Amino acid sequence: MTDASFIIVAIDGGAASGKSSTSRALSERFHLLHVDTGSFYRAFTAELLRQNVATDHPDAITSAATALQLDTAIEGRRAQMKINGRVVPDAEIRTPAVNANVSHFAAVPALRQALLEYQRGQADVGRSHGFRGLVMEGRDIGSVIFPDADFRFFLHADPVERARRRAAEGQQDSITERDRLDQSRKTAPLACPEGATDVDSTHLTLEEVVDLLSSHLATRLAPVA
Ligand code: CDP
Ligand code: CDP
């Protein structure tokens, strides 16, 4: 089903560049379904670690990842992935072990493939729940998942500022190491896709970033909040 009025917004960027907070604010301002694909990779990682699957065993990763039953629960404006009928809670996906392993699992092509159609299918989830569009954030949304998205943004911020932001959240996370792994992998590496709008948020407040992106979206959609 195609619906020309349903808009797709893709937001990519490195760790702690502001993707989630910006996407959440846009989802409220324009009544969009918010899809945090990083949480999907994190949930897969938590599940594979629970099954004792090693990051350097691509065959085991492939068979474990493809066996998972995926579904979606909507919480407010956020899409939550269900694995085998259960939403993996935030407390289980934002742990030091997941932070340390997620980019290794995310570099395995079969694991990315196992999530590809599920991610694209979120557009139908959004339509069927009456949203006016979808804001999806990650590393390869504007390049691989929705290269024809109505709006594609790439958020940058100085690594020192990003580390400060993550530490202020009380999280133990080596963001530069994850960025290095995400940028250097062969499949769907982290990079600003050609034609995307590049935003450097190092010296911008969250509100300024949200206002800037909103000014683009407002050319197609009136804000609701
Ligand atoms: O919140 P933060 O930016 O630190 O990370 P995240 O968005 O939760 O993503 C966690 C990890 O998942 C990333 O470092 C990537 O390795 C992987 N990821 C990916 O490969 N592709 C995506 N579309 C989203 C996340
Ligand atoms: O999703 P991602 O890892 O890219 O970043 P985030 O979780 O949205 O943002 C990480 C932290 O930086 C949050 O505590 C935000 O409130 C903060 N932030 C900020 O201080 N200034 C911005 N321009 C954007 C985010």
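Shown above is the structure to which this text applies.
About the thresholds
Residues numbered from 1 in each chain as written. Chains lettered and ligands numbered in written order. Predicted model: local features only at pLDDT ≥ 70, side-chain atom pairs only at ≥ 80, totals over all residues. Heavy atoms only, no water. 1 Å grid on protein atoms, 1.4 Å probe; cavity = no way out; pocket = protein on both sides within 12 Å on 5 of 7 lines; lining within 4 Å. Points joined across faces, edges and corners; volume = space filled by probe spheres on them. Helix = DSSP H or I, 4+ residues; strand = E, 2+ residues; numbered from the N terminus. Nonpolar A, V, L, I, M, F, W, Y, C, P; charged D, E, K, R; others polar. Buried < 20%, exposed > 50% of the residue type's maximum accessible area, 1.4 Å probe, protein only. Pairing = 2+ DSSP bridges.

### Quick look at the layout of surface pockets
The volume enclosed by the largest pocket comes to roughly 760 Å³. Taken together, 38 residues make up the lining of the largest pocket; nearest its centre are K19, S20, R94, E137 and R166. Sorting the residues of the lining of the largest pocket by element identifies α1 (19–30), β2 (33–36), α2 (37–50), α5 (96–106), β6 (133–138), α9 (159–168), α10 (175–184) and α11 (206–217) as the ones contributing at least two each. In terms of residue count, the dominant contributor to the lining of the largest pocket is α1 (five residues). A per-class count over the lining of the largest pocket returns eight nonpolar, 13 polar and 17 charged. As a volume, the second largest pocket reaches approximately 170 Å³. In this structure, the second largest pocket is lined by G14, S17, F154, L155, H156, A157, R162, T176, D179, R180, Q183 and L190.

### Quick notes on the pairing of strand β1 (residues 7–13)
Burial of β1 is extensive: seven of the seven residues sit out of reach of the surface. Neither face of β1 is exposed, since I7, V9, I11 and G13 on one face and I8, A10 and D12 on the opposite face are all buried. When β1 meets β6, the two strands line up parallel, connected through six bridges. Paired with V9 across the strands is V135, a residue of β6.

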